[in-house]
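Summary of structural features
Read off the chains here:
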Amino acid sequence: METGKFYFIKDSFYEKFNDCGLMGNKEFDNGAHGRPCFYCFKLDGYCWMIPISSKVDKYEKLYNEKMSRYKGKFDGIRFGYVNGEKRAFLIQNLCPVTEEYIDKKYKINNDTIDVTISVELEEELNRIIRKVIRLYKKGIKIVLTDLDKILEEL
């Protein structure tokens with residue numbers, strides 16, 4: 001597992017933590033892979049996973065509403081390009097995972113090339129994830145996922 005790479009999570013994780021507010025696991029898409037795909041950030045022995053979504057319009061609207069409500073300060077969603085397509089990075093749905101629950105790495109070109117993002121986006125995501133985890137450890141919960149329950153059982 002590497003920070004900055006993309007992975008798919010096994011169904012067994014969703015089954016074990018089905019009541020923890022996880023973004024739903026979907027069936028295979030054209031036989032290629034399941035959804036959602038997750039951006040990985042390794043810290044404290046966990047893979048902190050951020051789901052990405054192709055529903056950019058939906059999340060841009062939500063992002064703009066939150067930015068208005070919180071006076072320009074909202075770290076729950078970011079946008080960037082993955083494989084040339086704009087995607088929403090749902091930091092608000094962050095979840096910790098151990099390597100046993102990782103299904104496979106997201107690759108392209110007949111599974112020969114790792115999916116990557118720009119260095120700038122990776123740095124921004126990593127900064128925000130560290131901030132969110134730091135706030136969580138201080139008792140400030142801004143993530144929709146039940147991190148307490150997941151961490152307790154991992």
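Up top is the structure these notes are about.
Residues numbered from 1 in each chain as written. Predicted model: local features only at pLDDT ≥ 70, side-chain atom pairs only at ≥ 80, totals over all residues. Heavy atoms only, no water.

With that settled, consider the overall build of the protein chain. Regarding its fold elements, the protein chain presents four helices and eleven strands. Whereas a compact globule of 154 residues would reach a radius of gyration of roughly 15 Å, the protein chain reaches 15 Å, a difference of no more than 12%. With the C-alpha coordinates aligned to their principal axes, the bounding extent of the protein chain is approximately 45 × 35 × 25 Å. Here the protein chain, with 154 residues, has 44% of them falling under the buried criterion. (Helix = DSSP H or I, 4+ residues; strand = E, 2+ residues; numbered from the N terminus. Rg over C-alpha atoms; globule rule 2.2 N^0.38 Å. Buried < 20%, exposed > 50% of the residue type's maximum accessible area, 1.4 Å probe, protein only.)

Attention now moves to the pattern of salt bridges. All chains considered together, the criterion is met by eleven salt bridges. Residue D75 pairs with K131 through a salt bridge whose shortest N-O separation is 2.6 Å. Taken together, the positions of D75 in the loop between α2 (56-69) and β6 (77-82) and K131 in helix α3 (residues 119-137) put the pair 56 residues apart, joining distant regions of the chain. Among the residues examined, D75 registers a relative accessible area of 17% and is labelled buried. (Salt bridge = Lys/Arg side-chain N within 4 Å of Asp/Glu carboxyl O.)

This part covers the layout of surface pockets. Where empty space is left can be seen by rolling a probe of water-molecule size over the atoms. Of the pockets and cavities examined, the second largest pocket occupies roughly 280 Å³. By residue class, the composition of the lining of the second largest pocket is five nonpolar, two polar and five charged. (1 Å grid on protein atoms, 1.4 Å probe; cavity = no way out; pocket = protein on both sides within 12 Å on 5 of 7 lines; lining within 4 Å. Points joined across faces, edges and corners; volume = space filled by probe spheres on them. Nonpolar A, V, L, I, M, F, W, Y, C, P; charged D, E, K, R; others polar.)

Moving on, we come to the packing of aromatic side chains. Within the structure shown, the criterion is met by twelve aromatic pairs. Ring geometry for F13 against F17: centres 4.8 Å apart, planes inclined by 50 degrees, an arrangement best described as tilted. Aromatic pair Y63 and F79: ring centres 5.6 Å apart, planes at 90 degrees, arrangement edge-to-face. Of this pair, Y63 sits in helix α2 while F79 is found in strand β6, placing the two residues 16 residues apart along the sequence. Positioned over the ring face of F79 is K86, at 5.6 Å from the centre of the ring. (Phe/Tyr/Trp six-rings, centres within 6.5 Å; stacked < 30°, edge-to-face > 60°. Lys NZ or Arg CZ within 6 Å of the ring centre and 35° of its normal.)

Now for the pairing of strand β5 (residues 46-53). Most of β5 is tucked away, with seven of its eight residues classed as buried. In this sheet, β5 lies alongside strand β4 (residues 37-43) in antiparallel orientation, the contact comprising seven bridges. Within β5, the position partnered with K42 by the bridge is C47. Between β4 and β5, which pair antiparallel and follow one another directly, the connecting turn spans two residues, one of which, D44, has a positive phi of 55 degrees. In the sheet, β5 pairs with strand β8 (residues 95-97) via three bridges, with the strands oriented antiparallel. Across the sheet, the residue bridging to C47 is V97, located in β8. (Pairing = 2+ DSSP bridges.)

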